[in-house]
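Geometric and topological summary
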Amino acid sequence: MPEQAAPKPSERKSTEFAHSWIRQRIISGEIAAGSVVSQAALAVEIGVSRTPLREAVRRLQSEGLLVGEPNQRLRVAEVSADDLDQLYAIRISTETVALRSAVEGMGSEHIGRMRRCIEEMESFALAGSLDEIERPHREFHRLLIAPAGTRFELLSETLWDHTTRYREIYLRSQAEPVEMLLAAHREHQRIIETIESGDGAAAALALATHYERTAYAVFETTSPEFEPTLMPQAMSALLES
């Protein structure tokens, strides 16, 4: 996880800080999927009072990252192949619609920002600075969707957090993660090329193909016997549209 500037004392007392602190550790796997934690222990570790912590927990429960249990105990949401199949089916179904619509409104400045994100990702990958890739990677995918509207952007942000948990598990299992990241880099380049051509349908297909390859790589590593059903349906629907 990239290092962040130390928060001010006032920030440490806020719901936003507590939410971000817990969420980042769940997504990175530092707080393991399926593990049980107590609100009292979290309050002490984070250094916040119960009120902002309760609100942060409520938000994380609504996002599906925490599950409430008796006695104020919390369980980190499990990861599973079925869940990953659902997540990528939703991403393919919604984000391709958003991107197809967004391409028409993307000017040279917007595309330039996406290209800079790609350049940063490549630089970090080649330097082996894998923790640093998350920021430009996330921003690149946000910029793909943002012109389509706030609803799409907010949904994409939530789905990103959930799929990142699986990508982190996959990356930690790889002896040569840089190769996987460079393969993703080539796919990002392809998405940009189709956007620059003004072909929204081709851009949508390039994005869906990128998600499909990523998901199958994770399945192969974590659940090699699993056969996804929803994601192939989403791909078929896209190809038929």
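Because the structure is predicted, anything quoted here is derived from the model rather than measured.

With respect to the helices, strands and loops of the structure, Glu187 is situated in helix H9 (residues 177–196). Once residues lying within four places of it in the same chain are set aside, the contact partners of Glu187 are His210 and Arg213.

Pairing is antiparallel in the open sheet, where three strands are placed in the order E1-E3-E2. The sheet terminates laterally at strand E1 (36–38) and strand E2 (66–68), the two strands that pair on one side only. For this sheet, the mean inter-axis angle between neighbouring strands, taken without regard to orientation, is 35 degrees. Two elements, E2 and strand E3 (residues 73–76), share three bridges in a ladder whose sense is antiparallel. Across the sheet, Leu66 pairs through a bridge with Val76, a residue of E3. Packing of helix H4 (residues 50–62) onto the sheet brings it into contact with E2 and E3, and relative to E2 it is tilted by some 110 degrees.

The rules behind these values
Residues numbered from 1 in each chain as written. Predicted model: local features only at pLDDT ≥ 70, side-chain atom pairs only at ≥ 80, totals over all residues. Heavy atoms only, no water. Helix = DSSP H or I, 4+ residues; strand = E, 2+ residues; numbered from the N terminus. Contact = heavy atoms within 4.5 Å. Pairing = 2+ DSSP bridges. Axes fitted to C-alpha atoms, helices over the stretch in contact; angles between N-to-C directions.

Geometry only, nothing functional implied.
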